[in-house]
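Below, each chain spelled out in residue letters.
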There are 2 protein chains.
Amino acid sequence: MGRPREFERDAVLDRALELFWQRGFDGTSMADLVEHLGIGRQSLYDTFGDKRAMYLEALDRYHATRASLPWEVLDQHPLRPGLRTLMTSMVDWLLESTHGRSCMLVAAAAERCPADAEVGARFCANTANIERHLRQRLERARAEGDLGRHHDPEALARFLTSTMYGLQLSAKGGLDRAALLQIVDVALSALG
Amino acid sequence: MGRPREFERDAVLDRALELFWQRGFDGTSMADLVEHLGIGRQSLYDTFGDKRAMYLEALDRYHATRASLPWEVLDQHPLRPGLRTLMTSMVDWLLESTHGRSCMLVAAAAERCPADAEVGARFCANTANIERHLRQRLERARAEGDLGRHHDPEALARFLTSTMYGLQLSAKGGLDRAALLQIVDVALSALG
DNA sequence: GCTATTTTGGAATGATCGGTCAAAAATAAA
DNA sequence: TTTATTTTTGACCGATCATTCCAAAATAGC
């Protein structure tokens, strides 16, 4: 019943995500959104609530549809080659995607933390997720003898996660692909 | 000649720095500045130009007066203990300073890059500076036999810089002191 | 004291901010 | 066709934004 809406919610959210990712929360105005989303201002408010709610939804959609690293290569390859492939694909993603912007959740945390706890929570959840994937693979490697008994999978997982974050800022700092891959090499040498 | 100004430029700039550091560029309004700086609006514009110019000056002052790590401990101690002390002091600085904000230049780069090239240039300059300190110490260690000949001081310096950046985001992610120091330990183990 | 020069404080600028209102338009159920 | 319900559209809101204007205030040289 009632007039049918003339847009797809997810398609609009994807466009909003793109804007927020490019320009950040403060850098994106409702006028910008109305202009690029192709729907009216009121429809926007009716559908998403307000600007912050839409931003949080965009973060969730980012997490659900774009933040995925190729974890399967971790499981399908020996520990170190798998990690190198994973980190290399991340470096390439950082360099292509696009004109030097990094993971949206990292950018969001940098811009809105600790002011906005909801943003912080999403950033932490993503961090914990990455750590979990890495830790599980490291535990398996340790059980299978690919990783020395003296290593702590949890500490290593945190270290590798931190390394990924470091790569993002280093890429922003202008390091080229070769330099970033050197960082990956040194980091992986910590696995012994 | 003329009426003397009733404030010290650097003292005002320090207070502006503090506000920009806490709230970011977009998060700080000229009204906020007028309120907290203790000088009139017009004096502010006469002295610093406009908001962005004042922000860039605040970044420069941050770089000059606050961004300094205790590099002397690097020179005065053996390589690994010196690096551990340096990184530990950085972790403690991150945890105290204050309520989860990180290096102002990192925050500035995250908020304003790549939109503002001047901000990016200052971030890169700071990065290069950190790298230089580390590389020089690593070169000395290599010359003195404290570091294996197979290591590349430049690559290691970049890795350690990246690690420091990673620590900042990890701290934002809520990791406690013990976890951050574990990351430092793993990172330093890459020096062999 | 007088004049030139500079700083100061407060009012005002137009633009833009996020958010709302109300009427028109489009559908489904009756 | 009428009625109820929903979406759309565009005008509109007060607040806030960075910035400027201007006259009063305070000094130095004369």
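Above this note sits the structure.
What counts, and where the lines are drawn
Sequence positions are assigned chain by chain, starting from 1 and proceeding in written order. Written order determines the labels here, with chains lettered from A and ligands numbered from 1. This being a predicted model, a pLDDT of at least 70 is required before a residue's local features are given, and a value of 80 or more before pairs of side-chain atoms are given or counted; all residues contribute to the totals for chains, interfaces and linings. In computing side-chain properties, one takes all heavy atoms of the structure into account and sets aside hydrogens as well as water. Here a residue-residue contact requires only that any non-hydrogen atoms of the pair lie within 4.5 Å. Simply put, the buried area is the total loss of 1.4 Å probe accessible area from both parts when two parts are fitted together. Think of a salt bridge as a Lys or Arg side-chain nitrogen and an Asp or Glu carboxyl oxygen that are within 4 Å of each other. When residue character is reported, Ala, Val, Leu, Ile, Met, Phe, Trp, Tyr, Cys and Pro are called nonpolar, Asp, Glu, Lys and Arg charged, and the others, Gly included, polar. Throughout, the term near means that a residue has one or more heavy atoms lying within 4 Å of the molecule or strand in question. We call two N or O atoms a polar contact when they sit within 3.5 Å, provided that within protein one can donate a hydrogen and the other can accept it, with sequence-adjacent residues counted only if both atoms are side-chain atoms. Starting at the N terminus, helices and strands are each numbered in turn, a helix being any DSSP run of H or I of at least four residues and a strand any DSSP run of E of at least two.

1. A few points about the interface of chain B and chain A
Working step 1: Taken together, the contact between chain B and chain A spans 33 residues of the former and 32 residues of the latter.
Working step 2: Approximately 2,700 Å² of surface area, both sides summed, lies buried where chain B meets chain A, with 70% of it carried by carbon and sulfur atoms.
Working step 3: Counting the contacts that link chain B with chain A gives 0 salt bridges.
Working step 4: In terms of residue class, the side of chain B that touches chain A is made up of 19 nonpolar, 9 polar and 5 charged.

2. A short note on the pattern of salt bridges
Working step 1: With the rule as written, the count across this model stands at 34 salt bridges over all chains.
Working step 2: Salt bridges linked by common partners bring A:Asp10, A:Asp14, A:Glu18, A:Arg61, A:Arg66 and A:Arg101 together as one network.

3. Things to note about the protein's contact with DNA strand D
Working step 1: Of all residues adjacent to DNA strand D, which total 23 residues, the nearest are A:Glu6, B:Met30, B:Arg41, B:Gln42 and B:Lys51.
Working step 2: Close to the protein, within 4 Å, the atoms of DNA strand D are drawn from sugar and phosphate at a rate of 63%.
Working step 3: With respect to DNA strand D, the side chain of B:Arg3 contributes an N or O atom lying 3.1 Å from a base nitrogen.
Working step 4: Here B:Lys51 contributes a side-chain N or O atom positioned 2.5 Å from a phosphate oxygen of DNA strand D.
Working step 5: With 4 residues, the top contributor of residues to the surface near DNA strand D is helix 3 (residues 41–48) of chain A.
Working step 6: A class-by-class count of the residues in the surface near DNA strand D yields 7 nonpolar, 7 polar and 9 charged.

4. Concerning the protein's contact with DNA strand C
Working step 1: Near DNA strand C lie 24 residues; those nearest to it are A:Arg41, A:Gln42, A:Lys51, B:Glu6 and B:Ser43.
Working step 2: Counting only the atoms of DNA strand C that lie within 4 Å of the protein, the sugar and phosphate share comes to 61%.
Working step 3: Within the contact set of DNA strand C, a phosphate oxygen lies 2.6 Å away from a backbone nitrogen or oxygen of B:Glu6.
Working step 4: Elements supplying a minimum of two residues to the surface near DNA strand C: helix 3 of chain A together with helix 3 (41–48) of chain B.
Working step 5: At 4 residues, the largest contribution of residues to the surface near DNA strand C is made by helix 3 of chain B.
Working step 6: Of the residues in the surface near DNA strand C, the class split is 7 nonpolar, 8 polar and 9 charged.

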